[in-house]
Amino acid sequence: VMISGMDAPGEFSEFTSPPGVKAALKNYKIHTLPYRGNNEEEFLKGLKEEVDSRFGIIDNYVKTKYDFIFCVLMGTDKFSDAMWKYIDESHPLHTKELEKWLPSITDYFKYIDSHLGKLKESLGDEYNLMIVSDHGGIGVYNDFNLSQWLIDKGYIVPLKKFKRGFFTQERANK
């Protein structure tokens, strides 16, 4: 069973394999609430809801004894992208005021660890649990989109007009 996350076009798309798995998912959100710089409590609550949702789904599939289960937890990545300045004193946007969120941030990671521990216990020795990351936990100080820079400078021209940002239903239909 595969349930996709980041880079899936949206809930309207077929983001599961086999495709029928999607129908069994209740209130599954591919993307959690975005961080806007002033919604820390709401953002962290959304990240925990994502953990509950993903692990609830995983637990159901573990009980049915599938050979392979793949699930994406985006919260830790979203946290690093949005809130690294809260924990890294060397971050250019770090302030002492942000440190009031440290207990909530620590609780979030303990929450994930707790779910992983329960999952490992439920799997026993019969299964292997692999935790994979596309990068380590590190802050984002800036970014550089090479493709967009090449387009902006006129070095490449896309074959079709496209809209920057997340996939939309309109783009998926083209």
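Anything mentioned here points back to the structure above.
These figures come from a predicted structure and were not determined experimentally. The numbers attached to residues start from 1 for each chain and follow its sequence in the written order. For a predicted model such as this one, the threshold for reporting local features is a pLDDT of at least 70, and the threshold for listing and counting side-chain atom pairs is 80 or more; totals across whole chains, interfaces and linings nevertheless cover every residue. The basis for every side-chain value is the complete set of heavy atoms in the structure, and neither hydrogens nor water enter the calculation.

Novice: Which parts of the structure should I look at to understand the pattern of salt bridges?
Specialist: Close approach of charged atoms allows side chains with opposite charge to pair. Here, a salt bridge means any side-chain nitrogen of Lys or Arg that lies within 4 Å of a carboxyl oxygen of Asp or Glu. Under the definition given, this model contains three salt bridges. The salt bridge involving K45 is made with E49; its shortest N-O contact spans 3.0 Å. Of this pair, K45 and E49 both sit in helix α2 (residues 40–63), four residues apart, which is roughly one turn of that helix. For each residue, the accessible area found with a 1.4 Å probe, counting protein chains only, is set against the maximum for its type, and the residue is called buried under 20%, exposed over 50%, and partly exposed in between. Residue K45 is classed as exposed on the basis of its relative accessible area of 54%. Across the pair K96 and E99 runs a salt bridge, and its minimum N-O distance is 3.5 Å. Numbering of helices and strands runs from the N terminus; a helix is a DSSP stretch of H or I covering at least four residues, while a strand is a stretch of E covering at least two.

Novice: Mind showing me how you'd approach the sheet that holds strand β3 (residues 70–71) here?
Specialist: Hydrogen bonds between backbone atoms are what pair the strands of a sheet, whose relative direction is either parallel or antiparallel. For two strands to be treated as a pair, DSSP must find no fewer than two bridges joining them. The mixed open sheet is built from three strands, whose spatial order is β2-β1-β3. Of all strands in the sheet, those with a lone pairing partner are β2 (16–17) and β3, marking the two edges.

Novice: Looking at this structure, how should I read a nonpolar patch on the surface?
Specialist: Residues F144, L146, W149, Y155 and I156 make up a contiguous nonpolar surface patch of roughly 560 Å² in combined accessible area. For W149, the position within the fold is in helix α5 (residues 146–152). You can call W149 partly exposed: its relative accessible area is 35%. Put simply, a patch holds well-exposed residues, over 30% relative accessible area, that have no salt bridge, with like charges counted together within 9 Å and Val, Leu, Ile, Met, Phe, Trp or Tyr side chains within 5 Å. With residues, only the protein chains shown are counted as cover, and all accessible areas are computed by Shrake-Rupley using a 1.4 Å probe.

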